[in-house]
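Chain residues, written in single-letter form:
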Amino acid sequence: MNSVKWKVVSGTLAAAMAALGVTACSNSAKDDAGEITVYNAQHESLTKEWTDAFTKETGIKVVLRQGGDTALGNQLVAEGSASPADVFLTENSPAMALVENAGLFADINKDTLDQVPAQFRPSTGKWTGIAARSTVFVYNKDKVKDDQLPASLLDLAQPQWKGRWGAGVSGADFQAIVAGLLALKGEDATKAWLKGMKENFVAFPNNTATMKGVNSGQPDGGVIYHYYWFRDQAKTKESSANTGLYYFKKQDPGAFVSVSGGGVLESSKKQESAQKFLKFITGKKGQEVLRDGDSMEYPIAADIAANKALPPLAELQAPAVDPSKLDAKKVTELMTQAGLL
(Lines give C-alpha, C1' and ligand atoms only; values in the text may rest on other atoms or scores of the structure.)
Protein backbone atom coordinates (compact mmCIF):
# COMPACT_ATOMS: atom_id res chain seq x y z
CA MET A 1 0.00 0.00 0.00
CA ASN A 2 1.28 3.47 -0.83
CA SER A 3 -0.88 5.33 1.61
CA VAL A 4 -0.38 5.13 5.34
CA LYS A 5 -3.29 5.44 7.69
CA TRP A 6 -3.97 5.30 11.39
CA LYS A 7 -6.48 2.84 12.76
CA VAL A 8 -7.53 2.81 16.42
CA VAL A 9 -8.39 -0.68 17.55
CA SER A 10 -10.74 0.17 20.38
CA GLY A 11 -14.42 0.83 19.93
CA THR A 12 -14.64 3.14 22.92
CA LEU A 13 -11.55 5.14 22.02
CA ALA A 14 -12.51 5.32 18.34
CA ALA A 15 -15.99 6.59 19.16
CA ALA A 16 -14.65 9.21 21.54
CA MET A 17 -12.08 10.44 19.04
CA ALA A 18 -14.67 10.58 16.24
CA ALA A 19 -16.94 12.67 18.45
CA LEU A 20 -14.08 15.08 19.14
CA GLY A 21 -13.00 15.16 15.49
CA VAL A 22 -9.40 14.18 16.21
CA THR A 23 -7.08 11.41 15.02
CA ALA A 24 -4.55 9.24 16.79
CA CYS A 25 -1.01 10.58 17.00
CA SER A 26 2.28 9.40 18.33
CA ASN A 27 2.18 11.67 21.37
CA SER A 28 -1.09 10.20 22.65
CA ALA A 29 0.32 6.71 22.23
CA LYS A 30 3.46 7.64 24.17
CA ASP A 31 1.53 9.35 26.95
CA ASP A 32 -0.84 6.44 27.60
CA ALA A 33 0.83 3.55 29.42
CA GLY A 34 -2.17 1.36 28.54
CA GLU A 35 -1.72 1.75 24.78
CA ILE A 36 0.82 0.61 22.22
CA THR A 37 1.41 1.68 18.62
CA VAL A 38 1.90 -1.04 16.00
CA TYR A 39 3.25 -0.34 12.53
CA ASN A 40 1.30 -3.02 10.69
CA ALA A 41 2.15 -4.41 7.25
CA GLN A 42 0.20 -7.61 7.82
CA HIS A 43 -3.33 -7.91 6.44
CA GLU A 44 -5.39 -5.43 8.42
CA SER A 45 -8.29 -7.80 9.05
CA LEU A 46 -6.00 -10.46 10.54
CA THR A 47 -4.17 -7.99 12.75
CA LYS A 48 -7.47 -6.53 13.96
CA GLU A 49 -8.54 -10.00 15.10
CA TRP A 50 -5.28 -10.26 17.03
CA THR A 51 -5.52 -6.80 18.56
CA ASP A 52 -9.17 -7.15 19.54
CA ALA A 53 -8.42 -10.41 21.34
CA PHE A 54 -5.29 -8.96 22.96
CA THR A 55 -7.11 -5.86 24.23
CA LYS A 56 -9.95 -8.01 25.57
CA GLU A 57 -7.50 -10.17 27.53
CA THR A 58 -5.07 -7.50 28.76
CA GLY A 59 -6.90 -4.17 28.64
CA ILE A 60 -4.03 -2.74 26.57
CA LYS A 61 -5.29 -0.75 23.60
CA VAL A 62 -3.57 -0.97 20.24
CA VAL A 63 -3.21 1.81 17.66
CA LEU A 64 -2.44 0.47 14.17
CA ARG A 65 -0.53 2.37 11.56
CA GLN A 66 -1.24 0.47 8.36
CA GLY A 67 1.12 0.28 5.38
CA GLY A 68 3.18 -2.03 3.19
CA ASP A 69 6.23 -4.06 4.22
CA THR A 70 8.76 -1.98 2.33
CA ALA A 71 7.20 1.42 3.02
CA LEU A 72 6.92 0.90 6.77
CA GLY A 73 10.32 -0.78 7.02
CA ASN A 74 11.97 2.17 5.29
CA GLN A 75 9.98 4.58 7.43
CA LEU A 76 11.20 2.93 10.63
CA VAL A 77 14.78 3.19 9.43
CA ALA A 78 14.25 6.86 8.60
CA GLU A 79 12.61 7.58 11.96
CA GLY A 80 15.25 5.71 13.94
CA SER A 81 15.06 6.16 17.70
CA ALA A 82 12.46 8.91 17.25
CA SER A 83 9.83 6.49 15.91
CA PRO A 84 6.49 6.38 17.73
CA ALA A 85 6.22 2.67 16.96
CA ASP A 86 6.36 0.08 19.72
CA VAL A 87 5.89 -3.00 17.51
CA PHE A 88 6.43 -3.78 13.81
CA LEU A 89 4.47 -6.55 12.04
CA THR A 90 5.05 -7.62 8.43
CA GLU A 91 3.73 -10.04 5.84
CA ASN A 92 7.25 -11.07 4.77
CA SER A 93 10.69 -11.29 6.36
CA PRO A 94 12.86 -8.94 4.24
CA ALA A 95 11.43 -5.78 5.82
CA MET A 96 12.11 -7.25 9.27
CA ALA A 97 15.71 -7.94 8.26
CA LEU A 98 16.00 -4.35 7.01
CA VAL A 99 14.96 -2.94 10.39
CA GLU A 100 17.08 -5.47 12.27
CA ASN A 101 20.16 -4.56 10.24
CA ALA A 102 19.58 -0.91 11.17
CA GLY A 103 19.91 -1.94 14.84
CA LEU A 104 16.39 -0.87 15.78
CA PHE A 105 14.96 -4.00 17.40
CA ALA A 106 15.09 -5.02 21.06
CA ASP A 107 15.70 -8.65 21.97
CA ILE A 108 12.52 -10.72 22.05
CA ASN A 109 11.75 -12.25 25.45
CA LYS A 110 12.84 -15.86 25.74
CA ASP A 111 9.39 -17.12 26.74
CA THR A 112 8.05 -15.74 23.46
CA LEU A 113 10.86 -17.22 21.38
CA ASP A 114 10.30 -20.57 23.06
CA GLN A 115 6.80 -20.66 21.57
CA VAL A 116 8.14 -20.45 18.00
CA PRO A 117 10.17 -23.28 16.37
CA ALA A 118 13.67 -22.20 15.37
CA GLN A 119 13.03 -22.52 11.61
CA PHE A 120 10.38 -19.81 11.80
CA ARG A 121 12.46 -17.09 13.46
CA PRO A 122 15.88 -15.54 12.89
CA SER A 123 18.88 -16.96 14.68
CA THR A 124 19.56 -13.54 16.22
CA GLY A 125 16.42 -13.48 18.40
CA LYS A 126 15.83 -9.84 17.43
CA TRP A 127 12.34 -10.61 16.09
CA THR A 128 10.13 -13.63 15.62
CA GLY A 129 7.89 -15.29 13.08
CA ILE A 130 4.17 -14.87 13.67
CA ALA A 131 2.63 -16.65 10.63
CA ALA A 132 3.71 -18.18 7.31
CA ARG A 133 2.69 -18.51 3.68
CA SER A 134 3.92 -20.92 1.02
CA THR A 135 5.01 -20.12 -2.51
CA VAL A 136 2.88 -22.05 -5.04
CA PHE A 137 2.27 -22.30 -8.78
CA VAL A 138 -1.36 -21.69 -9.72
CA TYR A 139 -2.25 -23.05 -13.15
CA ASN A 140 -5.21 -23.22 -15.50
CA LYS A 141 -6.31 -26.85 -15.63
CA ASP A 142 -7.40 -26.57 -19.27
CA LYS A 143 -4.03 -25.15 -20.34
CA VAL A 144 -1.52 -27.13 -18.24
CA LYS A 145 -1.75 -30.86 -17.58
CA ASP A 146 -0.15 -32.48 -14.55
CA ASP A 147 2.74 -33.91 -16.55
CA GLN A 148 3.49 -30.44 -17.98
CA LEU A 149 3.97 -28.67 -14.64
CA PRO A 150 7.43 -27.18 -13.99
CA ALA A 151 9.63 -29.39 -11.82
CA SER A 152 11.32 -26.31 -10.35
CA LEU A 153 10.73 -22.59 -10.04
CA LEU A 154 13.93 -22.24 -12.08
CA ASP A 155 12.24 -23.94 -15.06
CA LEU A 156 10.04 -20.89 -15.55
CA ALA A 157 13.04 -19.09 -17.06
CA GLN A 158 13.22 -21.69 -19.86
CA PRO A 159 11.96 -20.89 -23.40
CA GLN A 160 8.98 -23.26 -23.18
CA TRP A 161 7.40 -20.95 -20.59
CA LYS A 162 7.69 -17.78 -22.68
CA GLY A 163 4.50 -15.75 -22.25
CA ARG A 164 2.89 -18.51 -20.22
CA TRP A 165 3.22 -17.42 -16.60
CA GLY A 166 2.74 -14.32 -14.52
CA ALA A 167 3.52 -12.71 -11.17
CA GLY A 168 3.00 -9.49 -9.23
CA VAL A 169 6.63 -8.37 -9.34
CA SER A 170 6.21 -4.92 -7.82
CA GLY A 171 4.94 -6.17 -4.46
CA ALA A 172 6.81 -7.29 -1.35
CA ASP A 173 5.34 -10.80 -1.68
CA PHE A 174 7.10 -11.71 -4.92
CA GLN A 175 10.25 -9.87 -3.91
CA ALA A 176 10.41 -12.05 -0.79
CA ILE A 177 10.31 -15.11 -3.04
CA VAL A 178 13.24 -13.70 -5.03
CA ALA A 179 15.04 -13.03 -1.74
CA GLY A 180 14.60 -16.70 -0.90
CA LEU A 181 16.05 -17.66 -4.28
CA LEU A 182 19.01 -15.33 -3.70
CA ALA A 183 19.69 -16.84 -0.26
CA LEU A 184 19.47 -20.39 -1.61
CA LYS A 185 21.18 -20.16 -5.00
CA GLY A 186 23.36 -17.06 -4.87
CA GLU A 187 23.63 -13.91 -6.96
CA ASP A 188 24.71 -15.39 -10.29
CA ALA A 189 21.89 -17.94 -10.41
CA THR A 190 19.37 -15.30 -9.34
CA LYS A 191 20.54 -12.89 -12.05
CA ALA A 192 20.22 -15.63 -14.67
CA TRP A 193 16.73 -16.56 -13.50
CA LEU A 194 15.56 -12.94 -13.46
CA LYS A 195 16.89 -12.46 -17.00
CA GLY A 196 14.89 -15.47 -18.18
CA MET A 197 11.88 -14.28 -16.21
CA LYS A 198 11.99 -10.91 -17.95
CA GLU A 199 11.74 -12.70 -21.30
CA ASN A 200 8.94 -15.06 -20.23
CA PHE A 201 6.59 -13.61 -17.67
CA VAL A 202 3.42 -11.51 -17.76
CA ALA A 203 3.27 -8.67 -15.21
CA PHE A 204 0.34 -8.33 -12.81
CA PRO A 205 -0.22 -5.82 -10.01
CA ASN A 206 -0.48 -8.45 -7.24
CA ASN A 207 -1.25 -12.06 -6.30
CA THR A 208 -5.02 -11.71 -6.70
CA ALA A 209 -4.75 -10.25 -10.20
CA THR A 210 -2.29 -13.00 -11.15
CA MET A 211 -4.71 -15.70 -10.01
CA LYS A 212 -7.63 -14.07 -11.84
CA GLY A 213 -5.57 -13.92 -15.02
CA VAL A 214 -4.68 -17.60 -14.76
CA ASN A 215 -8.30 -18.47 -14.04
CA SER A 216 -9.25 -16.83 -17.35
CA GLY A 217 -6.45 -18.65 -19.16
CA GLN A 218 -4.27 -15.61 -19.70
CA PRO A 219 -1.57 -16.71 -18.89
CA ASP A 220 -1.40 -20.47 -18.25
CA GLY A 221 0.08 -20.21 -14.76
CA GLY A 222 1.47 -17.91 -12.11
CA VAL A 223 3.57 -17.70 -8.96
CA ILE A 224 1.59 -16.59 -5.90
CA TYR A 225 1.21 -17.36 -2.20
CA HIS A 226 -1.07 -20.24 -1.29
CA TYR A 227 -3.67 -18.43 0.80
CA TYR A 228 -5.10 -16.32 -2.01
CA TRP A 229 -6.27 -19.51 -3.70
CA PHE A 230 -7.62 -21.10 -0.52
CA ARG A 231 -9.53 -17.95 0.44
CA ASP A 232 -11.25 -17.84 -2.94
CA GLN A 233 -11.97 -21.57 -2.86
CA ALA A 234 -13.63 -21.19 0.55
CA LYS A 235 -15.98 -18.50 -0.84
CA THR A 236 -17.30 -18.09 -4.38
CA LYS A 237 -14.38 -19.61 -6.36
CA GLU A 238 -14.99 -16.87 -8.93
CA SER A 239 -11.27 -16.17 -9.27
CA SER A 240 -9.97 -19.75 -9.03
CA ALA A 241 -12.62 -22.22 -10.27
CA ASN A 242 -10.62 -23.16 -13.37
CA THR A 243 -7.30 -23.49 -11.59
CA GLY A 244 -5.25 -26.01 -9.67
CA LEU A 245 -2.49 -25.43 -7.13
CA TYR A 246 0.96 -26.96 -7.44
CA TYR A 247 3.59 -27.21 -4.67
CA PHE A 248 7.16 -27.53 -5.91
CA LYS A 249 8.39 -29.28 -2.70
CA LYS A 250 11.81 -31.05 -2.66
CA GLN A 251 13.48 -28.01 -1.00
CA ASP A 252 13.15 -26.19 -4.32
CA PRO A 253 13.32 -22.36 -4.27
CA GLY A 254 9.71 -22.54 -5.45
CA ALA A 255 8.81 -24.23 -2.18
CA PHE A 256 10.00 -21.19 -0.22
CA VAL A 257 7.90 -20.46 2.86
CA SER A 258 7.80 -16.76 3.71
CA VAL A 259 7.66 -15.96 7.41
CA SER A 260 5.61 -13.00 8.60
CA GLY A 261 7.49 -11.20 11.35
CA GLY A 262 6.97 -9.30 14.56
CA GLY A 263 9.48 -7.22 16.50
CA VAL A 264 9.67 -4.75 19.37
CA LEU A 265 11.39 -1.44 18.69
CA GLU A 266 14.28 -0.78 21.04
CA SER A 267 13.21 2.87 21.26
CA SER A 268 9.76 1.94 22.58
CA LYS A 269 8.87 3.27 26.01
CA LYS A 270 6.28 0.49 26.34
CA GLN A 271 8.63 -2.48 26.35
CA GLU A 272 6.56 -4.62 28.72
CA SER A 273 3.29 -4.10 26.84
CA ALA A 274 4.95 -4.52 23.44
CA GLN A 275 6.57 -7.79 24.51
CA LYS A 276 3.21 -8.97 25.88
CA PHE A 277 1.63 -8.35 22.49
CA LEU A 278 4.16 -10.51 20.63
CA LYS A 279 3.85 -13.22 23.24
CA PHE A 280 0.07 -13.17 22.80
CA ILE A 281 0.01 -13.45 19.00
CA THR A 282 2.57 -16.27 19.01
CA GLY A 283 0.75 -18.00 21.87
CA LYS A 284 -2.18 -20.41 21.75
CA LYS A 285 -4.97 -17.83 21.40
CA GLY A 286 -3.13 -15.76 18.82
CA GLN A 287 -2.25 -18.75 16.65
CA GLU A 288 -5.80 -20.10 16.91
CA VAL A 289 -6.89 -16.91 15.13
CA LEU A 290 -4.88 -18.17 12.14
CA ARG A 291 -6.37 -21.65 12.35
CA ASP A 292 -9.99 -20.63 12.88
CA GLY A 293 -10.22 -17.36 10.92
CA ASP A 294 -10.44 -16.79 7.19
CA SER A 295 -6.85 -15.62 6.63
CA MET A 296 -5.78 -19.12 5.49
CA GLU A 297 -2.21 -18.35 6.59
CA TYR A 298 -0.22 -20.94 8.49
CA PRO A 299 0.13 -20.89 12.28
CA ILE A 300 3.77 -21.53 13.13
CA ALA A 301 3.86 -21.36 16.91
CA ALA A 302 2.39 -22.78 20.12
CA ASP A 303 1.83 -26.20 18.47
CA ILE A 304 -1.33 -25.00 16.72
CA ALA A 305 -2.22 -26.93 13.56
CA ALA A 306 -3.24 -25.16 10.35
CA ASN A 307 -6.76 -24.81 9.00
CA LYS A 308 -7.93 -28.27 7.90
CA ALA A 309 -8.26 -27.09 4.29
CA LEU A 310 -4.49 -26.54 4.04
CA PRO A 311 -1.87 -29.21 3.47
CA PRO A 312 0.22 -29.50 6.64
CA LEU A 313 3.19 -27.15 6.61
CA ALA A 314 5.54 -30.00 7.49
CA GLU A 315 4.61 -31.78 4.24
CA LEU A 316 5.57 -28.91 1.94
CA GLN A 317 9.29 -29.79 1.97
CA ALA A 318 10.31 -26.14 2.11
CA PRO A 319 13.98 -25.17 1.86
CA ALA A 320 15.68 -23.97 5.04
CA VAL A 321 16.27 -20.21 4.94
CA ASP A 322 17.31 -18.00 7.87
CA PRO A 323 14.73 -15.19 7.56
CA SER A 324 17.19 -12.61 8.90
CA LYS A 325 19.42 -13.27 5.85
CA LEU A 326 16.84 -12.18 3.25
CA ASP A 327 18.29 -9.14 1.51
CA ALA A 328 15.53 -6.81 0.30
CA LYS A 329 17.95 -4.13 -0.94
CA LYS A 330 19.91 -6.57 -3.08
CA VAL A 331 16.71 -8.03 -4.52
CA THR A 332 15.51 -4.56 -5.53
CA GLU A 333 18.87 -3.89 -7.15
CA LEU A 334 18.87 -7.18 -9.10
CA MET A 335 15.24 -6.86 -10.21
CA THR A 336 15.88 -3.30 -11.34
CA GLN A 337 18.94 -4.38 -13.32
CA ALA A 338 16.82 -7.07 -14.97
CA GLY A 339 14.22 -4.50 -16.01
CA LEU A 340 11.53 -5.96 -13.76
CA LEU A 341 11.13 -2.88 -11.53
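Located above this text is the structure these notes cover.
Below or above, wherever it landed, is the structure these notes cover. All residue numbers refer to positions counted from 1 along the written sequence of the respective chain. With pLDDT at 70 or above as the cut-off, local features in this predicted model cover only qualifying residues; side-chain atom pairs require 80 or more to be listed or tallied, and sums for whole chains, interfaces and linings still use all residues. Side-chain numbers come from the whole structure's heavy atoms, not from hydrogens or water.

For every element, the axis is a line fit to its C-alpha atoms; helices are fit only across the contacting stretch, and the angle between N-to-C directions ranges from 0 to 180 degrees. Secondary structure counts use DSSP, requiring at least four H or I residues in a row for a helix and at least two E residues in a row for a strand, with both numbered from the N terminus. Two elements in contact, helix 3 (residues 44-58) and helix 11 (residues 271-281), have axes separated by 10 Å at closest approach and are oriented at 115°. By crossing handedness, the relation of helix 3 to helix 11 is classed as right-handed. Between helix 3, through W50, T51, A53, F54 and E57, and helix 11, the contact on the second element is made entirely by S273, K276, F277, F280 and I281. Ten residue types, Ala, Val, Leu, Ile, Met, Phe, Trp, Tyr, Cys and Pro, are classed as nonpolar, four, Asp, Glu, Lys and Arg, as charged, and the remainder, Gly among them, as polar. Grouping the constituent residues of the contact of helix 3 with helix 11 by class yields six nonpolar, two polar and two charged. By convention, the crossing between two helices is left-handed when the near helix turns anticlockwise from the far helix through less than a right angle, and right-handed when the turn is clockwise. By the convention used here, residues are in contact when the closest approach between their heavy atoms is within 4.5 Å.

It is worth spelling out the pairing of strand 3 (residues 61-66) at this point. The element strand 3 is extensively covered by neighbouring structure, given that five of its six residues are classed as buried. As paired elements, strand 2 (residues 35-40) and strand 3 share six bridges and run parallel to each other. Looking at strand 3, one finds that Y39 is bridged to R65. Seen with its strands pointing away from the viewer, a crossover is right-handed when the path leading from the first strand over the helix to the second is clockwise. Crossover connection from strand 2 via helix 3 to parallel strand 3: handedness right-handed. Each residue's exposure class comes from its accessible area (1.4 Å probe, protein chains only) as a fraction of the maximum for that residue type: buried when under 20%, exposed when over 50%, partly exposed otherwise. Whether two strands pair comes down to DSSP finding at least two bridges between them.

Our focus in this paragraph is helix 5 (residues 94-101). Of all eight residues making up helix 5, seven are buried, and the element is well covered by its neighbours. Looking at helix 5, one finds that the buried residues are P94, A95, M96, A97, L98, V99 and E100. Elements that come into contact with the buried residues of helix 5 comprise helix 4 (69-79), strand 4 (87-89), helix 7 (172-185), strand 10 (257-264) and helix 13 (328-337). Downstream of helix 5 by a residue or two, G103 has a phi angle that is positive, lying close to 75°.

Looking now at the nonpolar core. Only buried residues count toward a nonpolar core, which is a set of Ala, Val, Leu, Ile, Met, Phe, Trp, Tyr and Cys residues joined through side-chain atoms within 4.5 Å. Judged by nonpolar contacts, the single largest core of 56 residues is most densely connected at F137, W165, F174, W193 and M197. Considering each element in turn, this core owes the most residues, seven residues, to helix 7. Leaving out residues up to four positions away in the same chain, W193 has contacts with L153, L154, A157, W165, F174, V178 and L181. Counting 23 residues, the second-largest nonpolar core is a separate cluster that includes F54, L64, A106 and I108.

This paragraph deals with unusual backbone geometry. Look at the link from Q218 to P219: it is a cis peptide, with omega at 10°. Within the element layout of this structure, P219 appears in the loop between helix 9 (207-215) and strand 8 (221-225). For K249, which is not glycine, the phi dihedral falls at a positive 55°. With respect to the secondary-structure elements, K249 resides in the loop between strand 9 (243-246) and strand 10. Residues other than glycine seldom take positive phi values, yet A302 does so here, at roughly 55°. Here A302 lies in the loop between helix 12 (284-292) and helix 13. Here A302 falls in the partly exposed class, since its relative accessible area comes to 24%.

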